[in-house]
Each structure stands twice: as C-alpha cells, then as structure tokens.
Amino acid sequence: MTVDAAEPGRDFIRDIVQADLDAKRHTAVVTRFPPEPNGYLHIGHAKSICLNFGIAAEFGGRCHLRFDDTNPAKEEQEYIDAIEHDVRWLGFDWGEHLYHASDYFDQIYAWAEHLIQAGKAYVDDQTPDEMRAARGTLTEPGRNSPFRDRAVAENLDLFRRMKAGEFPNGARVLRAKIDMAAGNINLRDPAIYRIVHAAHPRTGTSWCIYPTYDFAHGQSDAIEHITHSICTLEFEDHKPLYEWFLENLPVPSKPRQYEFARLNITYTVLSKRMLTQFVRDGHVTGWDDPRMPTLAGIRRRGVPAAALRDFVGRIGVARANSTVDVAMFDACVRELLNKTASRYMAVLRPLKVVIENYPDGQVEQLDAVNNPEDPAAGTRQVPFAREIYVERDDFMENPPKKFYRLAPGKEVRLRYAYFITCREIVKDANGEVTELRCTYDPASRGGNSPDGRKVQATLHWVSASHGVTCDVRVYNPLFTRPDPGAAGDIIADLNPNSLEVLKDVVIEPALVNVGPEPVQFERQGYFCRDADSTDTRLVFNRTVGLRDTWAKVQAGG
RNA sequence: UGGGGGAUCGUCCAACGGUAGGACAACGGACUCUGACUCCGUGAAUCUAGGUUCGAAUCCUAGUCCCCCAGCCA
C-alpha cells in the first residue's frame, strides 16, 4: 500500500466507522470497492477507491475488490483486467480479497427460491411494457400484476424453467412481492432475476438468468461480511430494498449502506455511459486517450497516482452534490511534479537565432541544474553553439510595455548560457519573422551577470545543431464549457482544440534518454514520453502546463 | 401535487450550542538565471423568515431553491 504523508481528512463516513468501532458494533472494518466491468475506471471511481481502501487501511481493516458482474450483456474481460490494473496503479492492494458477484450465483439463486418458498417472490409473465404501465407514476400507485398471486409450486416450476433456458429473453421475470403502492418506486415489486441469454465473462453459458443489482449487491456484501457498504447518493432510494432482502433472507451478516456524493469536475464528464460513447464514436482515440478522465487516460498523460490521491484527499467527502474546479486537480499535479520532475529545455515553436559574434563551429558544454527543488538530482551539461532556437512567443517585434522578453535592441538571458541582445530581424517574403540576428556578451558565460546589470527575462533555448526534433501533444480540456451537456447536446460541447500536435519541437539532447516519468520543460509545463514514441521519433504528452502569469496579463489586455 | 436527499467564501471541504477555518481560484507585494516555485498580505460565505438561548451555521417552526427515483442498467 502506498501511504501519503498527508493526514487523510475526516469526514462523516469515517466518523461513523469510528463510532461503530468505539461502540464495539464491529471488531474490524470491512469495506469493498464494487465496480461493474462495463467500462474503464475514471477519476470519480478514484474517489470511491480511496475512500474504501483508505478507510480500511486507516482503521486496520480490509477492503475487497468485488466485480459487480451481474449483467453479461454489458460486461467484458477487457474491463475486468483494466480495472484490476488501475486499482493497483492507484496504489491499493486487495490481497486475497478479489471477488465477483458471479462467485455467489449459486447462493443468490438459492435465496431466490427461498423467497419464492416464503411467498415473497413470484414469476411475472407481463411484458416489460406492461410492467412499466402497471408500475404507476411518481404520484400514483402501481397496480398488482395479474400473476402476483401464483401458487408457490407454480412459481418454483416457472423459475426453474427460466433457469433451464426454456424461455427467451424478456419472457418472464422473477419479482419480489413487496408493495405496488409504495411511495418508493424501488419497492413496487422490483425485478430480481431476468432472462439473459448471453455469455458471461466468468461463468460462460452456465446461466441464462441473472440477478439484478438489487438482488445481488447486498447479499454479496453479507456473504463477504462487509461492515460498511459505501456507495453514491443515487442508491439511497435502494437502501430500503437492500435492507428488505437482508431481513428476508438467511444471510450470514448484516452490512449497512452509507451514501456520499459522487464527484463532478468542471470541463469534465464522469459518466461511464458518455465515456463509452466517446470511445465508440471516435471522439477520442480510446479509453487511454490522455484527454479522457479515465485512470488510464490521466496515467498516459503523466499524472502520478500520488497526485490523484492527493486530489481525492483535498476534495473531501460529503452528502451535498458539488462540482470541483478542475484547477484543483491541476494544482495537485503541479505541486507534486514541481518537487519530483527533472528540468529540461525544449522549444515548442522554434524561432532561429544566430549569434553573430559567437565563433562559427564552436561548441560549449554548459552546466544546468536538473531540479532546483531537489539538489540531489544534480546537474547535466547542455551544448551551446552559434545557432540556436528560442520560443517564437519569446520574441515580439513591437512589444507592449510589460513584455519582458526578446525584442529589437533588447537584452535577455539564455538560461545557463549567455546574455544576448537582438540586433536584427530577418523576414521572409510574407513578412514573417524567420530568424533573429543577435550578439552575445562573452563575459556573461553561464548566465551570470558580469557587471551586475539586470535583464528582465531568462529564455530557454536549444542548440540548432544538437537539438532533436520530436512531436509534442498539447492537451486542452475535452469540453468548451465547464458543465458539458448542460445545454442539451454534449457532443456540441466537445472542444475542437482539445489536442494540438506540435511537429517541430526541438529538445535538448539529454531529453532523448528520459524514462516514462514526467519531466518539466522549463517555462512550459510538465511532459512525459508517450508510448507512441519510436526509436527515431519521440512523442511527448503535456501533462499540465506551468502557471502562466504572463498569459493572464495578456488576456487581461 | 409521491418517496428520498441537500443548501457555509467564486469552487470544494471544516466548524458537532461558545472567535465561521483550510485548500483551490482571484487580487496585491517580496524573491527569482523558469513571468515557475517559495514567502507575505488582501478581498471573499452560513438559502429566507420567525422562534428557543446569555450565546445559533449548529436546536425548533414555516418557507424557498437544487439533486435523485417511474431499467428485465449499476
């Protein structure tokens, strides 16, 4: 288990757990993270994972990983594998406690027969439409099914024939006999077993009837002796049902359900259904597209698991619906990477600079600090020569007052190298600046001020002859509005500029050998090598940009 | 107009009858060989109306607004 230094925040669920332990209602806390393997895990799941595994760790209990695999029509092995990988990546370990609702299908089936025997469940022959029509509305009670009072023997026979595969999908369903007039619609004789002729990733074709979520979840919790079954708010209405099954079945333990508000983030969609659609329709390149809020996506973007854990700790846990500013997430990523990432120089949009008074053919190796936040990271050497590249944004022909960087006649520092002064601008036929002619001050070697004179800016740069070109993928928010879909059409809110591919990026030679861990491109942001990199062409993803005060000044006019 | 929840700085979370606090964001300043980082400072909130109390974000009453539920999804 990875442990963060930060003290986990207190919240109402931890208070409940503590109180239960203090009152000796439990000797040990047992939680579970119960994903359905019908998609990849996202940041919202991370909140649940950190909560469940975190509580177990803090109170000396354990947390199970249990797949809620009761609907073979939507579930796949690929998702099961990805989920296990992602939970581990986040830093949690379920040890021996890997379970599946499908492990309990025999027991759950037996409990269904038990309910039938007790006269508390019946087979309904109504069509889905008929059932819906008879369910009533939010303000009107439902009507009893004409099959509601079937004899136990008939129900048993029919249910067994459902199991034997005698009927097609949707022909019949097993329902709990509760109360068609209940204000809580979940209690209006909910379906608990349905016919689904589909291969299950784990049980294959052994079954053609499957329990619903309501008839599987609480019982699975009970079988595993879960003490605190933590879920999101939308399941609150299901709690009476959850408890009804626990009370009407000979279960081995009585877990309790607690609900918290699911996570929402600005400019982000955390709905598995939507994310699946984006993948399916090609709006992103896959579940691990770095623009996706999936764990696979942000991992590929370079976000460390520890930063995600930090984020989850900072946002807290409560029962009020809320939407966290994505800036909070970015801040967590920057804070961690600032401490750990090695610094390099990379020019994203190159502009050639020729230093006229620097000897042609001369090359100097200059010392550069790898990480000012971590002296142990040491130094490296960066080659300097007569022709270099600087960032196009670092030059303006007619600069406004607050522009500190290079401009005609202005002197700036090249980081770790020399002071240079812009003497001349070279333009092409279209009037585009193609090159700057500068002079340098040999006395400023290493970037030191020879006579105490100040420059307003320090620029990053790369030697033209030593630099290596590569691709950089700059990711921007996937959506153009903070509340995607709020205007009705979520696809219309997709940001057409969510991915910017830079093809002429020039990086310092040392960057060729970096590993997969994120690095800082000085004055730009944090980047990490993408798996699409080849021996001949490196590809970097921007994890997150640095805070950019100048951009703010510009935007403000 | 059924049932179940929820309202505290711009945002997220605390305060559990006793000075409304932290984080992110914003703004100002210091520092700086990253317009980064760091540091210092500023502004910023208890949904409304009554009531109880020496004292209310917290307890009571009545409202208002928001979210969830009518799958054989989870």
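What you see is a predicted model, and the numbers here were worked out from it, not measured in a lab.

Regarding the protein's contact with RNA strand B
Around RNA strand B, 67 residues are found, and the nearest of them are R343, R405, R413, G446 and T549. At the protein interface, 66% of the atoms of RNA strand B within 4 Å belong to sugar or phosphate. A distance of 3.4 Å is found between a phosphate oxygen of RNA strand B and a side-chain nitrogen or oxygen belonging to R547. Elements that contribute at least two residues to the surface near RNA strand B include exactly α5 (128-134), β6 (191-195), α11 (305-315), α12 (326-340) and α13 (549-555). Residue composition of the surface near RNA strand B, grouped by class: 22 nonpolar, 22 polar and 23 charged.

Quick look at the packing of aromatic side chains
Tallying each qualifying case throughout the model produces 25 aromatic pairs. Arranged with centres 5.5 Å apart and planes meeting at 80 degrees, the rings of W244 and F245 form a pair that is edge-to-face. Since its relative accessible area comes to 16%, W244 is described here as buried. Over the face of the ring belonging to Y109 we find K163, whose NZ or CZ atom lies 5.0 Å from the ring centre. Above the plane of the ring of F167 lies R172, whose end atom (NZ or CZ) is 4.1 Å from the centre.

Some points on the sheet that holds strand β4 (residues 121-124)
Read from one edge of the open sheet, 4 strands run β4-β5-β6-β7, paired in antiparallel fashion. Two strands close off the open sheet at either side, each with one partner strand: β4 and β7 (209-211). Across the sheet, the mean angle from the axis of one strand to that of its neighbour is 20 degrees, orientation sign disregarded. Note that strand β5 (residues 173-176) and β6 share 3 bridges and pair antiparallel. Considered in β6, the bridge of R175 is made with A191.

Remarks on helix α8 (residues 239-248)
Those residues of α8 that sit buried are L241, Y242, W244, F245, L246 and N248. In the core, the buried residues of α8 are packed alongside α4 (105-117), β5, β6, α7 (213-223), β8 (228-232) and β9 (256-260).

Focus on the sheet that holds strand β1 (residues 30-33)
Strand order in the open sheet made by the 3 strands is β1-β2-β3, with parallel pairing throughout. Only two strands of the sheet have a single neighbouring strand rather than two, namely β1 and β3 (98-100). Averaged over all neighbouring strand pairs, the angle between strand axes comes to 35 degrees, with direction disregarded. Relative to strand β2 (residues 62-67), β1 runs parallel, the two sharing 4 bridges. Considered in β2, the bridge of V30 is made with R62. The strands that helix α3 (residues 77-90) touches are β1, β2 and β3; relative to β2, the one it contacts most, it runs at about 160 degrees.

A short note on the pairing of β8
For β8, the buried fraction is high: 5 of the 5 residues fall into the buried class. Of the two faces of β8, the one carrying H228, I230 and T232 and the one carrying S229 and C231 are both buried. For β8 and β9, the ladder comprises 5 bridges, and the chain directions are parallel. By the bridge assignment, S229 is partnered in β9 with Q257. In this view, the connection linking β8 to its parallel neighbour β9 by way of α8 has right-handed handedness.

Focus: the nonpolar core
Counting residues in each nonpolar core, the largest one holds 38 residues, and the members touching the most others are I43, V87, L90, L308 and F311. For this core, the secondary-structure elements that each account for two or more residues are α2 (43-58), β2, α3, α10 (295-301), α11 and α12.

Observations concerning the state of the cysteines
A complete count under the given rule lists 0 disulfides for this structure. Free cysteine C470: the closest other cysteine sulfur is in C528, separated by 12 Å. Look at C470 and you get buried, because its relative accessible area is 0%.

Section: the packing of helix α1 (residues 12-22) against α2
It is at 11 Å that the axes of α1 and α2 come closest, and there the two elements cross at 35 degrees. Read as a crossing pair, α1 and α2 show a hand that is right-handed. Here I13, R14 and V17 of α1 lie close against α2, whose contacting residues are L51, G54, I55 and E58. Split into classes, the residues belonging to the contact of α1 with α2 amount to 4 nonpolar, 1 polar and 2 charged.

Notes on empty space enclosed by the protein
Tallied over the entire structure, the rule returns 1 cavity of 30 Å³ or more. Its volume calculated, the largest cavity comes out at about 40 Å³. As for the largest cavity, its lining consists of Y213, D214, H217, G218, H238, Y242 and Q257. When residues of the lining of the largest cavity are assigned to their parent elements, the largest contribution, 4 residues, is made by α7. For the lining of the largest cavity, a count of residues per class yields 2 nonpolar, 4 polar and 1 charged.

Looking at the side chain of R66
Relative to the assigned elements, R66 resides in strand β2. Of the polar contacts made by the side chain of R66, one reaches the side chain of E224; its length is 3.2 Å.

Rules and cut-offs
Residues numbered from 1 in each chain as written. Chains lettered and ligands numbered in written order. Predicted model: local features only at pLDDT ≥ 70, side-chain atom pairs only at ≥ 80, totals over all residues. Heavy atoms only, no water. Near = heavy atom within 4 Å. Polar contact = N/O pair within 3.5 Å; in protein donor to acceptor, adjacent residues only side chain to side chain. Helix = DSSP H or I, 4+ residues; strand = E, 2+ residues; numbered from the N terminus. Nonpolar A, V, L, I, M, F, W, Y, C, P; charged D, E, K, R; others polar. Phe/Tyr/Trp six-rings, centres within 6.5 Å; stacked < 30°, edge-to-face > 60°. Buried < 20%, exposed > 50% of the residue type's maximum accessible area, 1.4 Å probe, protein only. Lys NZ or Arg CZ within 6 Å of the ring centre and 35° of its normal. Pairing = 2+ DSSP bridges. Axes fitted to C-alpha atoms, helices over the stretch in contact; angles between N-to-C directions. Contact = heavy atoms within 4.5 Å. Right-handed = clockwise from strand over helix to strand, strands pointing away. Core = buried A, V, L, I, M, F, W, Y, C linked by side-chain atoms within 4.5 Å. Disulfide = S-S within 2.5 Å. Left-handed = near helix turned anticlockwise from the far one by under 90°. 1 Å grid on protein atoms, 1.4 Å probe; cavity = no way out; pocket = protein on both sides within 12 Å on 5 of 7 lines; lining within 4 Å. Points joined across faces, edges and corners; volume = space filled by probe spheres on them.

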